Amino acid sequence: MDFWETLARRRSIRRFKRVKMPEEDVIRIMEAGRSAPTDATLHLWTAVRIVDEAKRAKIAELIAQPHVAEASEFFVFLADLYRLENLLKHRGRELAKDRFALFVFAAVDAALAAENMALAATALGYGSCFIGAVQNAAEELIKILELPRLTYPLFGLAIGVPDEDPPPRPRLPRDMLFHVDKYRSYSREELDEAYRVMAKITRSGDWLRLLERYAAAGGYFEARSALMRRLLGEQGLG
Ligand SMILES: Cc1cc2nc3c(=O)[nH]c(=O)nc-3n(C[C@H](O)[C@H](O)[C@H](O)COP(=O)(O)O)c2cc1C
């Protein structure tokens, strides 16, 4: 598929046909992930491919996202400083004690690899969906996937044959996302316009409800932050 067509065709797919993908396609998609840029060549990410059906069903149930079980493939992306520690130790060096910056860039590395995979999947005619909800079951995932210290599950990526053809979802206007030379503030009209363009993405027609549910005080992300802070501490990434 042409590159621009691939970009335009990529959208989150949440209904998949229950079919297997040819292994050669999965390998091409994984290779697309492997070729993503990586900060300082550190490769601060790992993706666990979940091939055990029972394990996959368990994860889908834990996070209440059936498309995770239906997709042909499901990968859990980790921030991974464990392999880096192994590489350093192998040559008699110690991993940095303050790992905050490494963790942030691990998340960047993982996202870049995953988006490369999502685009490669689209180019091959498949659909995909990022699954941030794995965060809600991070504690269980650490056990189920036997994750060592210095690793943390960031998000999942489901890939498969689409069983739906949703329209493209809206985005904020370009000049809200791209500023020139310096950060600028937003006018009331622009903020209203943002709500207007994004209304389409919600069933209720009110984007505020979605923002509230996720990001206002008491929203999902607040609960995730508390869990994440505790688990990152336990994983040696605090
Ligand atoms: C980091 C991340 C986490 C996401 N988590 C989920 C998720 O848990 N479940 C889901 O169905 N969609 C999830 N999505 C998909 C977004 O809802 C979707 O990208 C957004 O609504 C825009 O739609 P589009 O991808 O079709 O353009 C996630 C996307 C990203 C980037």
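Here the structure is shown first, and the text comes after it.
It should be emphasised that the depicted structure is a prediction, and the values quoted were computed from it without experimental measurement.

1. Remarks on the overall build of the protein
Regarding its fold elements, the protein presents eleven helices and four strands. Here the C-alpha radius of gyration of the protein, 19 Å, is about what a compact globule of 238 residues would show, namely 18 Å. Dimensions of the protein, computed from the C-alpha atoms along their principal axes, are close to 60 × 45 × 35 Å. Across the protein, the fraction of contacts at a sequence separation of at least 24, relative to all contacts at a separation of at least 6, is 79%.

2. As for the sheet that holds strand S4 (residues 151-160)
An order of S1-S2-S4-S3 is seen for the four strands of this open sheet, with the pairing classed as antiparallel. Only two strands of the sheet have a single neighbouring strand rather than two, namely strand S1 (45-49) and strand S3 (127-131). Taken pair by pair, the neighbouring strands of this sheet meet at an average axis angle of 25°, ignoring direction. Each of S1, strand S2 (73-80) and S4 touches helix H2 (residues 23-34); the most contacted strand, S1, lies at about 165° to it.

3. A short note on the site of the ligand
The ligand sits among 14 residues. The nearest are Ser12, Arg14, Gly132, Arg169 and Arg171. Here Ser12 contributes a side-chain N or O atom positioned 2.6 Å from an oxygen atom of the ligand. In the environment of the ligand, an oxygen atom lies 2.7 Å from a nitrogen or oxygen atom belonging to the side chain of Arg169. Burial of the ligand by the protein amounts to 67% of the accessible area it has alone, namely 620 Å². The element that contributes the greatest number of residues to the shell around the ligand is S3, accounting for three residues. In the shell around the ligand, the residues fall into five nonpolar, four polar and five charged.

4. Description of the nonpolar core
In terms of nonpolar packing, the biggest core is built from 56 residues, with Phe74, Phe77 and Ile159 touching the most fellow members. Listing elements by their share of this core, those giving two or more residues are H2, helix H3 (53-63), S2, helix H6 (100-123), S3, helix H7 (138-144), S4 and helix H11 (220-234). With ten residues, H6 is the single largest residue contributor to this core. Aside from chain neighbours lying at most four places away, what touches Phe77 is Trp45, Thr46, Ala47, Ala110, Ala113, Ala114, Met117, Tyr152, Pro153, Leu154, Phe155 and Leu157. By size, the runner-up hydrophobic cluster in this structure holds five residues, among which are Ala194, Val197, Met198 and Trp207.

5. Some words on the packing of aromatic side chains
Going through the model one piece at a time under the given rule, you end up with nine aromatic pairs. Residues Trp45 and Phe77 carry aromatic rings whose centres are separated by 5.9 Å and whose planes lie at 25° to one another, so their mutual orientation is stacked. In this pair, Trp45 is assigned in strand S1 and Phe77 in strand S2, connecting sequence segments 32 residues apart. The same class applies to Trp45 and to Phe77, which are both buried. With a centroid separation of 5.1 Å and an interplanar angle of 20°, the aromatic rings of Phe77 and Phe155 are classed as stacked. In this pair, Phe77 is assigned in strand S2 and Phe155 in strand S4, connecting sequence segments 78 residues apart. When sorted by exposure, Phe77 lands in the same class as Phe155, which is buried. Grouped by ring-pair contacts, the aromatic residues Trp45, Phe77, Phe130 and Phe155 constitute a single cluster.

6. Examining the pairing of S2
With respect to burial, S2 is a largely interior element, eight of its eight residues being buried. Going residue by residue along S2, you find Glu73, Phe75, Phe77 and Ala79 tucked away on one face and Phe74, Val76, Leu78 and Asp80 tucked away on the opposite face as well. Bridge analysis of S2 against S4 gives eight bridges, and the strand direction is antiparallel. In the sheet register, Leu78 faces S4, and the bridge partner there is Pro153.

7. Topic: the packing of H2 against H6
Taken N-terminus to C-terminus, the directions of H2 and H6 make an angle of 145°; their axes are 7 Å apart at the nearest point. Viewed along their axes, H2 and H6 form a crossing whose handedness is right-handed. Between H2 and H6, the residues in contact are Ile29, Met30, Ala32 and Gly33 and Ala113, Asn116, Met117, Ala120 and Ala121, respectively.

Parameters at a glance
Residues numbered from 1 in each chain as written. Predicted model: local features only at pLDDT ≥ 70, side-chain atom pairs only at ≥ 80, totals over all residues. Heavy atoms only, no water. Helix = DSSP H or I, 4+ residues; strand = E, 2+ residues; numbered from the N terminus. Rg over C-alpha atoms; globule rule 2.2 N^0.38 Å. Contact = heavy atoms within 4.5 Å. Pairing = 2+ DSSP bridges. Axes fitted to C-alpha atoms, helices over the stretch in contact; angles between N-to-C directions. Near = heavy atom within 4 Å. Polar contact = N/O pair within 3.5 Å; in protein donor to acceptor, adjacent residues only side chain to side chain. Areas by Shrake-Rupley, 256 points an atom, 1.4 Å probe, with all protein chains shown as cover. Nonpolar A, V, L, I, M, F, W, Y, C, P; charged D, E, K, R; others polar. Core = buried A, V, L, I, M, F, W, Y, C linked by side-chain atoms within 4.5 Å. Buried < 20%, exposed > 50% of the residue type's maximum accessible area, 1.4 Å probe, protein only. Phe/Tyr/Trp six-rings, centres within 6.5 Å; stacked < 30°, edge-to-face > 60°. Left-handed = near helix turned anticlockwise from the far one by under 90°.

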